[in-house]
Amino acid sequence: MTSTADADREAIRAAADRLLDGIPLRSTGELTVVQLAAEADVKRWLLTHKHRDLAEQFQARARLLAGDPPPIAALKKKIGDLEDANTRLKAAETERQALTEFYAHVINELSVELDRVTAERDDLLGNVRSIATAPSHRSLR
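Residues numbered from 1 in each chain as written. Predicted model: local features only at pLDDT ≥ 70, side-chain atom pairs only at ≥ 80, totals over all residues. Heavy atoms only, no water.

Some words on the packing of helix 1 (residues 3-21) against helix 4 (residues 52-64)
Next up, step 1: Close contact between helix 1 and helix 4 brings their axes to 11 Å; oriented N to C, the two are set at 10°. One finds that helix 1 runs roughly parallel with respect to helix 4. Between helix 1, through Arg-9, Ile-12, Arg-13, Ala-16, Asp-17, Leu-19 and Leu-20, and helix 4, the contact on the second element is made entirely by Asp-53, Leu-54, Phe-58, Arg-61 and Ala-62.
Next up, step 2: Tallied by class, residues from the contact of helix 1 with helix 4 come to seven nonpolar, no polar and five charged. (Axes fitted to C-alpha atoms, helices over the stretch in contact; angles between N-to-C directions. Helix = DSSP H or I, 4+ residues; strand = E, 2+ residues; numbered from the N terminus. Parallel < 35°, antiparallel > 145°, perpendicular 65-115°, else oblique. Contact = heavy atoms within 4.5 Å. Nonpolar A, V, L, I, M, F, W, Y, C, P; charged D, E, K, R; others polar.)

Have a look at this one:
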């Protein structure tokens, strides 16, 4: 092989390592041959025709990662955890809202009952006079 071919192969190997480690410099970070070519800064046909062995090695290593490099997998896990936390928070908010509505109903019922009892008390006490304002027995003599 020529030194250009060796340089291309070394660039492809380095690019494959960067992609699989999740630290792309020139590509989107997807584990595809197209992105490998972009990351290595070589033409795609070099991977599909001239250096097919490197493309196949990269694809095999990518399959072992289940399609995601470790940093992407970690981010997807974090997203899943955040979605779970969000679901729990929504459930707690729904429960809090139901309790708030229940308490509002209880307060309303108690307020109506207080108004009723207060009106009843006022009716019963309407004819009662305070002892301080009642005529004294001494002044009647």
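Thoughts on helix 2 (residues 33-40)
Next up, step 1: Of all eight residues that make up helix 2, six are buried, and the element is covered over most of its length.
Next up, step 2: Of the residues making up helix 2, those classed as buried are Val-33, Gln-35, Leu-36, Ala-37, Glu-39 and Ala-40.
Next up, step 3: Check the buried side of helix 2 and you find it contacts helix 1, helix 3 (44-50) and helix 4.
Next up, step 4: Backbone geometry just downstream of helix 2 places Asp-41 in the positive-phi region, at approximately 60°. (Buried < 20%, exposed > 50% of the residue type's maximum accessible area, 1.4 Å probe, protein only.)

Some details on a nonpolar patch on the surface
Next up, step 1: Nonpolar side chains collect at one region of the surface, where Leu-99, Phe-102, Tyr-103, Val-106, Ile-107 and Leu-110 lie side by side and expose about 600 Å² of accessible area between them.
Next up, step 2: By the element assignment, Phe-102 lies in helix 5 (residues 70-124).
Next up, step 3: On the accessibility criterion, Phe-102 (49% relative accessible area) is partly exposed. (Patch = residues over 30% accessible without salt bridge, like charges linked within 9 Å, V, L, I, M, F, W, Y side chains within 5 Å. Areas by Shrake-Rupley, 256 points an atom, 1.4 Å probe, with all protein chains shown as cover. Salt bridge = Lys/Arg side-chain N within 4 Å of Asp/Glu carboxyl O.)

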